[in-house]
Amino acid sequence: MRILFQNIKALLQVREEPIDFVSGKDMCHLPTIKNAYLLIEEGVISDFGKMEDSPEIKADKTIDAKGKMILPAWCDSHTHLVYAGNRESEFVDKINGVSYQEIASKGGGILNSAKKLQQTSEEDLYQQTKIRLEEIIAMGTGAIEIKSGYGLTVESELKMLSVIKRLKENYDLPIKATFLGAHAVPDEYKNNKEGYLELIIREMIPLVAEAKLADFIDVFCEEGYFSVEDTERILEAGKQHGLIPKIHVNQFNSIGGIQAGVKYQALSVDHLEEMRTEDIEALKGTQTMPVALPGCSFFLGIPYTPGRKMIDAGLPLALASDYNPGSSPSGNMNFMVSTACIKMKLTPEEAINAATINGAYAMGLQNEIGSITAGKKANFILTKPINSYQFIPYSYGANQIQQVYISGKNLKY
Ligand code: NIG
Ligand code: FE
């Protein structure tokens, strides 16, 4: 099947030569072809260029994209899409002045979601998650990472990862799975964190790796959760089983988690709402992608990742949704891109780079998605008629998407 798009007002994020990610000053450059064509063959990008240079192409289907733009689908490199039920009552508590940490210390938060998930069947969990996945694909997400971490028992962590596996089998977009057994210390181990660490290291990690249920390993490295030392132990065990680190750090406190991530060659370090100068320094010249989660800052009312400062310091930056029931109950990447511009002072070019090619890198998918490059998957967004791509983040809360293509197929949910 050959599909030809013609008269595209602007084809965004065109990379003739594949790149891994963009950082620093290069982030403000979003390579664009105006009045372009794009050819898709068997779900893969096969050719593109200026309309005036377009060769005679025989296609099964030709689409006139006059007035519309095409850009790579969003690459959401950090989500907790698999969860049971919701936490609206905690939302109301927060409105009434109770903090996220206070809610957690009273058995709410992650432990609340874990209780719900433990009581939910795998089938039910799959059905609940599928609705969210289809919802975010419709909002332009074309690749996603999904974490476990609301199970906190061997059985329930495996249940979550099995749901992710089923999603991988049933949906065409790239999905990466992350084992996050170290998301919180379960109640049964309240006075025995060491016991839970042993369970993660000796039982969970080997089982998860053996069954090939995860690509990455994650830890919530934070005061009251897992220390830097705990984090290093878990990353070490994960690495021995072939799991690549991608960790939660510096959400509320800067305690050295970034340095631990860099030491273990984490693919990404995520959250970063609290950044010291030495944290920025530690990331310079590394292959570790810093990931900002502006939906979490927005929803919890905590500081935004200092993205402007980090890019000015020469670092790369990726944007992800953190879609989860406690700190970011939305997977709308259009909103994350807008918020990055409005609150973190990224330019539209920087935000689009952060949510496409840099997000792809943060999942190890930079050779498959994240840019308009021949040979990459045809996962892209066809916009409504718009005047400029700046209109995409400008029109916050809405999305300018007319259609989403996954492997060249126009998906409608
Ligand atoms: O990334 N901070 C740790 N984990 C999630 C939130 C989990 C929850 O509140 O359910 C996050 O924000
Ligand atoms: Fe998270």
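If you're wondering where the values come from, they're calculated on a predicted model, not measured in any experiment.

A.B. asks: Tell me about the sheet that holds strand β8 (residues 175-182), residues and numbers included.
C.D. replies: Taken in spatial order, the 8 strands line up as β6-β7-β8-β9-β10-β11-β12-β13 in an open sheet, and their pairing is parallel. Strands with a single pairing partner mark the edges of an open sheet, and in this sheet they are β6 (74-76) and β13 (318-319). Alignment of strand β9 (residues 216-221) against strand β10 (residues 244-249), held across 4 bridges, turns out to be parallel. Note that in β10 the partner of C221 across the bridge is V249.

A.B. asks: Describe unusual backbone geometry, with residues and values.
C.D. replies: Positive phi, close to 65 degrees, is recorded for L152, a residue that is not glycine. Residue placement: L152 occurs in the loop between β7 (141-147) and α5 (154-170). One non-glycine residue, S407, lies in positive phi territory at about 45 degrees. Residue S407 is classed as buried on the basis of its relative accessible area of 15%.

A.B. asks: Help me get a handle on the pattern of salt bridges, residues and values and all.
C.D. replies: Between side chains of opposite charge, a pair can form when the charged atoms approach closely. Per the counting criterion, the structure on display carries 20 salt bridges. Taking the shortest distance from any N to any O, the salt bridge between E123 and R166 comes out at 2.9 Å. One end of the pair, E123, is in helix α4 (residues 122-138); the other, R166, is in helix α5, and 43 residues separate them in sequence. Note on E123: relative accessible area 39%, which makes it partly exposed. Residue classification places R166 among the partly exposed positions, given a relative accessible area of 25%. One network of salt bridges, with partners in common, ties together E194, E198, R202 and R233.

A.B. asks: Report on the site of ligand 1, specifying residues and quantitative values.
C.D. replies: The full set close to ligand 1 counts 15 residues, and Y100, Y150, H183, Q251 and S327 are the nearest of them. With respect to ligand 1, the side chain of H80 contributes an N or O atom lying 3.4 Å from an oxygen atom. Between ligand 1 and S327, the relevant distance is 2.5 Å, taken from an oxygen atom to a side-chain nitrogen or oxygen of the residue. Out of a free accessible area of 320 Å², ligand 1 has 100% covered by protein chains.

A.B. asks: So what's going on with the packing of aromatic side chains? Which residues, and what values?
C.D. replies: Given two aromatic rings, one states the distance between the centres and the angle between the planes to describe the pair. Using the criterion set out here, one finds 12 aromatic pairs in the structure. Consider the rings of F5 and Y405, whose centres lie 5.2 Å apart with planes at 90 degrees: the pair is edge-to-face. With a gap of 400 residues between them, F5 in strand β1 (residues 2-12) and Y405 in strand β15 (residues 401-406) connect regions that are remote in the sequence. A relative accessible area of 0% places F5 in the buried class. Aromatic side chains F391 and Y394 sit 5.6 Å apart centroid to centroid with 40 degrees between the ring planes, which places their arrangement in the tilted category. One end of the pair, F391, and the other, Y394, are both in helix α15 (residues 391-394), 3 residues apart, so they sit about a helical turn from each other.

What counts, and where the lines are drawn
- Residues numbered from 1 in each chain as written.
- Chains lettered and ligands numbered in written order.
- Predicted model: local features only at pLDDT ≥ 70, side-chain atom pairs only at ≥ 80, totals over all residues.
- Heavy atoms only, no water.
- Pairing = 2+ DSSP bridges.
- Helix = DSSP H or I, 4+ residues; strand = E, 2+ residues; numbered from the N terminus.
- Buried < 20%, exposed > 50% of the residue type's maximum accessible area, 1.4 Å probe, protein only.
- Salt bridge = Lys/Arg side-chain N within 4 Å of Asp/Glu carboxyl O.
- Near = heavy atom within 4 Å.
- Polar contact = N/O pair within 3.5 Å; in protein donor to acceptor, adjacent residues only side chain to side chain.
- Areas by Shrake-Rupley, 256 points an atom, 1.4 Å probe, with all protein chains shown as cover.
- Phe/Tyr/Trp six-rings, centres within 6.5 Å; stacked < 30°, edge-to-face > 60°.

Spatial relationships are all this shows, so hold off on functional conclusions.
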